[in-house]
Amino acid sequence: KPWVEAVKTRDEQREVQLDFPVGKINILPDYMDNRAELDEVETFLGEIRADKNIEVTRIDITGYASPEGSLKNNEWLASERAKALKNYLVTRVSFPANVYHVQNGEENWEGLLKLLELSDIKDKGEVIAIIKGTEDANVRKSKLKSLDGGKVYRQMLSSLYPRLRKVECSVAYNVRSLTVEEGKQMLETNPRYLSLDEMYHIANSYPQGSPEFRNVFEIAVRTYPNDPVANLNAANIAMGKGDYASAKNYLAKAGNAPEAVHAKGVLSMLTGDLTEAETLLKQAQDMGVKAAAINLEELRKKIEDNAVFDSFNAVK
């Protein structure tokens, strides 16, 4: 059974691809595609504001600058652009003022690497190597400017750098506790609002092994793909359906809790690795899993049957 979240804290992030003229910090709603970007983030925050299931605790706004010019100036530009978006949103989406927080801005090197990977810019492999292999930002910029007499740098300035001047908006919120019936309605539309414990109770409101029961655990592992309990439950469902390949993948993320060790032993038994199965099932039994003893007895019968079969073939 999964642990119970005392407070269901979630977060969502939106990237606001605002266009700023070089060196400018003011938001110009009618400049380039800014109107559509501003409308999108305003709608996003408005929907969250209207959602009665959640309470927003924090909105972080972080600005990013393209990395030409001095680091100090770029950090100032990025921070001021974030402040400009905050001021714009405060007048349009009525959260308490202390909910909004502006983070220190930075040069958007990570964004540049992502754009380079997708681009057809000349010598991009060398550009990526310079960025990753040069720790000092000023030295990095100097090396980029010198490539092929500055041609590569000028190409990046015109085609990539404008897309690096952006602002990110991250919203943290708490979700209220949901009843089983409320959870069933939320399961298909917004499963992130549900904790694993709530999903567990929803699953157990259905007959064990029923399609509805299995569906809940499959949604759980898609929603929380790295959670050990979600992966263990999904592995057990997969084994019940005979999908041993999926069960193996889930169990790789299920950790080493006694129940997970037991499930790994059962999977080994089902797939014919009887030696591994015996080791794992004995380990699970020593860890206190009662069902391990039953499966060990079944395993011994399999081993005996195999021995009889091998002996019969040898006589023939």
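See the structure above.
Quick look at the structure, then. Here the structure is a predicted model, which is why all the values come from computation and not from measurement.

Within this structure, the stated rule accounts for four aromatic pairs. On the numbers, 6.2 Å between centres and 75° between planes, the contact of Phe95 with Tyr100 is edge-to-face. Considering the side-chain rings of Tyr173 and Tyr193, the 6.1 Å spacing of their centres and the 70° angle between planes classify their relative orientation as edge-to-face. Within this pair, whereas Tyr173 is found in strand β4 (residues 166-175), its partner Tyr193 is found in the loop between α7 (180-189) and α8 (196-203), the two being separated by 20 residues in sequence. Of the residues examined, Tyr173 reaches a relative accessible area of 0% and is grouped as buried. On the basis of relative accessible area, Tyr193 is assigned to the buried category, the value being 4%. Over the face of the ring belonging to Tyr88 we find Arg92, whose NZ or CZ atom lies 3.7 Å from the ring centre. The ring of Tyr64 has Lys166 sitting right over it, with the charged end atom 5.4 Å from the ring centre.

We note that Met32 has phi near 55°; this positive angle belongs to a residue other than glycine. With respect to the helices and strands, Met32 occurs in the loop between β1 (8-16) and α1 (34-50). Residue classification places Met32 among the exposed residues on the basis of a relative accessible area of 58%. The phi dihedral of Asp148 is positive, around 50°, even though this residue is not glycine.

Attention now moves to the packing of helix α10 (residues 228-240) against helix α12 (residues 258-270). Remark: α10 packs on α12, axes separated minimally by 10 Å, with the N-to-C direction vectors making an angle of 25°. Considering their axes alone, α10 and α12 lie roughly parallel with respect to each other. Like other packed secondary-structure pairs, α10 and α12 cross with a definite hand, here left-handed. When α10 is examined against α12, the residues Leu232, Asn236 and Met239 are found in contact with a partner set consisting of Glu259, Ala260, Ala263, Val266, Leu267 and Leu270. Broken down by class, the residue content of the contact of α10 with α12 amounts to seven nonpolar, one polar and one charged.

About the cut-offs
- Residues numbered from 1 in each chain as written.
- Predicted model: local features only at pLDDT ≥ 70, side-chain atom pairs only at ≥ 80, totals over all residues.
- Heavy atoms only, no water.
- Phe/Tyr/Trp six-rings, centres within 6.5 Å; stacked < 30°, edge-to-face > 60°.
- Helix = DSSP H or I, 4+ residues; strand = E, 2+ residues; numbered from the N terminus.
- Buried < 20%, exposed > 50% of the residue type's maximum accessible area, 1.4 Å probe, protein only.
- Lys NZ or Arg CZ within 6 Å of the ring centre and 35° of its normal.
- Axes fitted to C-alpha atoms, helices over the stretch in contact; angles between N-to-C directions.
- Parallel < 35°, antiparallel > 145°, perpendicular 65-115°, else oblique.
- Left-handed = near helix turned anticlockwise from the far one by under 90°.
- Contact = heavy atoms within 4.5 Å.
- Nonpolar A, V, L, I, M, F, W, Y, C, P; charged D, E, K, R; others polar.

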